[in-house]
Each structure stands twice: as C-alpha cells, then as structure tokens.
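What follows is each chain in one-letter form.
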Amino acid sequence: MNPQEGIWSLVKRGIGNLAAADLGQITRAVKRGLKQIQYRSDLVDGCLAGTGLITDG
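Residues numbered from 1 in each chain as written. Predicted model: local features only at pLDDT ≥ 70, side-chain atom pairs only at ≥ 80, totals over all residues. Heavy atoms only, no water.

Which parts of the structure should I look at to understand the overall build of the protein chain?
Across its full length, the protein chain holds three helices and zero strands. Its helices and strands taken in sequence order, the protein chain reads α-α-α from the N to the C terminus. Whereas a compact globule of 57 residues would reach a radius of gyration of roughly 10 Å, the protein chain reaches 13 Å, over 25% beyond that. Considering only C-alpha atoms, the protein chain reaches an extent of 45 × 20 × 15 Å along its principal axes. Looking at the 57 residues of the protein chain, the share that counts as buried comes to 14%. Nonlocal contacts in the protein chain, meaning residues at least 24 apart in sequence, comprise 50% of its contacts between residues at least 6 apart. As displayed, the protein chain offers around 4,500 Å² of accessible surface, 53% of which is attributable to carbon and sulfur atoms. (Helix = DSSP H or I, 4+ residues; strand = E, 2+ residues; numbered from the N terminus. Rg over C-alpha atoms; globule rule 2.2 N^0.38 Å. Buried < 20%, exposed > 50% of the residue type's maximum accessible area, 1.4 Å probe, protein only. Contact = heavy atoms within 4.5 Å. Areas by Shrake-Rupley, 256 points an atom, 1.4 Å probe, with all protein chains shown as cover.)

Sorry, what's going on with the packing of helix α1 (residues 3-14) against helix α2 (residues 23-38) here?
Packed helices, taken two at a time, are described by their axes: the angle between them and the distance between them. Two elements in contact, α1 and α2, have axes whose closest approach is 9 Å; the angle formed by their N-to-C orientations is 120 degrees. The orientation of α1 with respect to α2, classified from their angle, is oblique. As for the relative orientation of α1 and α2, their crossing is right-handed in sense. Facing Ile 7, Trp 8, Leu 10 and Val 11 of α1, the residues of α2 in contact are Val 30, Gly 33, Leu 34 and Ile 37. (Axes fitted to C-alpha atoms, helices over the stretch in contact; angles between N-to-C directions. Parallel < 35°, antiparallel > 145°, perpendicular 65-115°, else oblique. Left-handed = near helix turned anticlockwise from the far one by under 90°.)

Given below as structure tokens:
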C-alpha cells in the first residue's frame, strides 16, 4: 500500500455523502479535506506507518 492511498481514503471518507451541484464544489471539498489532513501530522504518520516505510528509532 502506498502512503497516498491512505490519504485519499481519508479524503473520500470525508466527502462520501457530498451531493455536489458541480465539479467546482467537489474540487473545493477535496482541497479542504487535504488542507485539514495537512495540519494533522498524526494522520499522515499513521498512513506512513501503515506502509512499513518508517520505523521508530
């Protein structure tokens, strides 16, 4: 699994029930979701840890 798959999974979970009127609304929702994840280092670390790419130490 790639780390970005975990990130996209989190974004899709956040917009799963969005009934968008147009593509612009979807774009804004995705950007908002990515921005929120950017400031949650624990989520990013969790996605990296799930791949086995980082180790403690």
